[in-house]
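What follows is the residue order along each chain.
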Amino acid sequence: GTILTFALAGNQNSGKTTLFNQLTGSNQHVGNFPGVTVDRKSGEIKNHPNTEVVDLPGIYSLSPYTEEEIVSRQYIIGEKPKGIINIVDATNIERNLYLTMQLIELDIPMVLALNMMDEVRGNGGSVRINDMEQMLGIPVIPISASKNEGVNEVISHALHVAKYQESPGKKDFCDKNDHNGAVHRCVHSIMHLIEDHAVAADIPLRFAANKVIEGDSRVIDALKLTQNEKETVEHIIIQMEEERGLDRAAAMADMRFSFIERLVSSTVIKPEESKERER
Ligand code: GDP
Ligand code: K
Ligand code: MG
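Residues numbered from 1 in each chain as written. Chains lettered and ligands numbered in written order. Predicted model: local features only at pLDDT ≥ 70, side-chain atom pairs only at ≥ 80, totals over all residues. Heavy atoms only, no water.

As annotated in an unreviewed UniProt entry, the protein is Ferrous iron transport protein B from Eubacterium uniforme.

(A) Representation of the overall build of the protein in the model. When helices and strands are tallied, the protein shows 12 helices and 9 strands. For 279 residues, the compact-globule formula gives about 19 Å, and the C-alpha radius of gyration of the protein, at 19 Å, lands near that figure. When burial is assessed residue by residue, the protein has 51% of its 279 residues classed as buried. Put simply, of all contacts in the protein between residues at least 6 apart along the chain, 68% involve residues at least 24 apart. (Helix = DSSP H or I, 4+ residues; strand = E, 2+ residues; numbered from the N terminus. Rg over C-alpha atoms; globule rule 2.2 N^0.38 Å. Buried < 20%, exposed > 50% of the residue type's maximum accessible area, 1.4 Å probe, protein only. Contact = heavy atoms within 4.5 Å.)

(B) Local environment of the site of ligand 1. Neighbouring ligand 1 are 15 residues, the closest being Asn-13, Lys-16, Thr-17, Thr-18 and Asp-118. The contact in question runs from an oxygen atom of ligand 1 to an N or O atom on the backbone of Ser-14, over 3.1 Å. Here an oxygen atom of ligand 1 sits 3.0 Å away from a polar atom, N or O, in the side chain of Asn-115. Relative to its free-state accessible area of 580 Å², ligand 1 is covered by the protein chains to the extent of 68%. Take the shell around ligand 1: its biggest share by element is 3 residues, from helix α1 (residues 16–24). (Near = heavy atom within 4 Å. Polar contact = N/O pair within 3.5 Å; in protein donor to acceptor, adjacent residues only side chain to side chain. Areas by Shrake-Rupley, 256 points an atom, 1.4 Å probe, with all protein chains shown as cover.)

(C) Layout of α1. Taken together, the buried positions of α1 are Lys-16, Leu-19, Phe-20, Gln-22, Leu-23 and Thr-24. With its phi angle positive at about 65°, Gly-25 sits one or two positions after the end of α1.

(D) How the structure looks around empty space enclosed by the protein. One pass over the structure, following the stated rule, counts 1 cavity of 30 Å³ or more. Taken as a whole, the largest cavity spans an internal volume of roughly 70 Å³. When residues of the lining of the largest cavity are traced back to their parent elements, those giving at least two are α3 (93–105), α7 (181–201), α8 (205–213) and α11 (248–267). Broken down by element, the residue count for the lining of the largest cavity peaks at 3 residues, all from α7. (1 Å grid on protein atoms, 1.4 Å probe; cavity = no way out; pocket = protein on both sides within 12 Å on 5 of 7 lines; lining within 4 Å. Points joined across faces, edges and corners; volume = space filled by probe spheres on them.)

(E) Expanded view of the packing of α7 against α8. For the pair α7 and α8, the least separation of the axes is 8 Å and the interaxial angle reads 115°. Regarding α7 and α8, the two cross each other, and that crossing is right-handed. Facing Cys-186, Val-187, His-188, Ile-190, Met-191, Ile-194, Glu-195 and Ala-198 of α7, the residues of α8 in contact are Leu-205, Arg-206, Ala-208, Ala-209, Asn-210, Val-212 and Ile-213. (Axes fitted to C-alpha atoms, helices over the stretch in contact; angles between N-to-C directions. Left-handed = near helix turned anticlockwise from the far one by under 90°.)

(F) Representation of the side chain of Asp-216. Summarising the element assignment, Asp-216 is placed in the loop between α8 and α9 (217–223). With a relative accessible area of 5%, Asp-216 lands in the buried category. Among the polar contacts made by the side chain of Asp-216, one reaches the side chain of Arg-73 at a distance of 2.7 Å. When residues no more than four places from it in sequence are discounted, the contact partners of Asp-216 are Pro-64, Arg-73 and Lys-211.

(G) Structural detail: the nonpolar core. One finds Ile-76, Leu-103, Leu-114, Met-132, Leu-136, Ile-190 and Leu-223 to be the most contacted residues of the largest nonpolar core, which totals 67 residues. Every residue in contact with Leu-136, bar those within four places of it in the chain, is listed here: Leu-97, Thr-100, Ile-104, Leu-112, Lys-170, Phe-173, Phe-259 and Leu-263. Counting 22 residues, the second largest nonpolar core, distinct from the first, contains Ile-85, Ile-87, Ile-141 and Leu-159. (Core = buried A, V, L, I, M, F, W, Y, C linked by side-chain atoms within 4.5 Å.)

(H) Structural context of unusual backbone geometry. Positive phi, normally seen in glycine, also occurs at Asn-13, with a value near 65°. Structurally, Asn-13 is set in the loop between β1 (4–10) and α1. By relative accessible area, which is 69% here, Asn-13 ends up exposed.

(I) Quick look at the environment of Val-219. Positionally, Val-219 belongs in helix α9. By relative accessible area, Val-219 is classed as buried at 4%. Sequence-wise, Val-219 and His-179 are 40 residues apart; in three dimensions their C-alpha atoms are separated by 27 Å. Ignoring sequence-local partners within four residues, the contact set of Val-219 consists of Arg-73, Phe-207, Ala-208 and Lys-211.

(J) Representation of the sheet that holds strand β6 (residues 110–115) within the structure. Taken in spatial order, the 7 strands make up an open sheet running β2-β3-β4-β1-β5-β6-β8, and their pairing is mixed. Single-partner strands in this sheet number two, and they are β2 (28–32) and β8 (140–142). The sheet shows a mean angle of 25° between the axes of neighbouring strands, taken without regard to direction. Sheet topology note: the β1/strand β5 (residues 83–89) ladder contains 5 bridges and is parallel. Looking at β5, one finds that Ala-7 is bridged to Ile-84. Lying over the sheet, α3 contacts β1, β5 and β6, oriented at roughly 165° with respect to β5. (Pairing = 2+ DSSP bridges.)

Written as structure tokens, this is what we have:
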């Protein structure tokens, strides 16, 4: 039958290699991604024949700034794994979720393995997992990779979303009613404008639109926009920058961090707060 392929993606030091080892045991192959010196480690999930997990390099975003980021997005967009396992360091959620939001834009079935929960709990903190799942629109599984806790749950959720191709439930993280309304309108106008090109180039639409706004030349070239369309895109972005009072890169980053702030403030209970609660 067909092989269920998974990308394991996360920030550096999120516990990616630890989880990869728990998922695959000793069944690992090491190679290289084509054309670069970045290691490509893959393996079958323990007790699940016809699966393959690829341990992507540790990355902070899907912007094309480092070899690791280019390799990772090339792999996900080009080879189209059936699912993404996104590992997040629960002790550093704000920073880690920046990548999570970009992965969700790719519209590939995905689960979030919230790692280092042993440390969070040890410090007296906690996370409202159900609320986080609702706000992100993907399954969230609290784990401790180093203690092998929650790993089987990650496997069963990952197999499920991949088998049934359950894509993330939401991709729009703009709050239309806050100061990001202009960004929201800009993203939608550009999605509308580039839709046929994104389909032809086989690039997920929202990811393509966001990358066009960020000025990502690889994505812009791949879309093969006409001169006329490029000018329209530029006009839409300039209008957004004027309304928003920020340049395009800052406006997009602010849109993502505003959401992350809302998410963290309603789902993460920091140690001091949880102690308050107990009193
Ligand atoms: P990578 O850079 O994402 O591949 O991260 P590693 O797997 O190398 O892990 C980074 C560090 O975090 C190592 O020292 C691990 O032992 C540690 N680590 C990984 N998972 C956990 C966990 O669940 N809890 C704790 N406390 N430490 C962990
Ligand atoms: K490491
Ligand atoms: Mg590693």
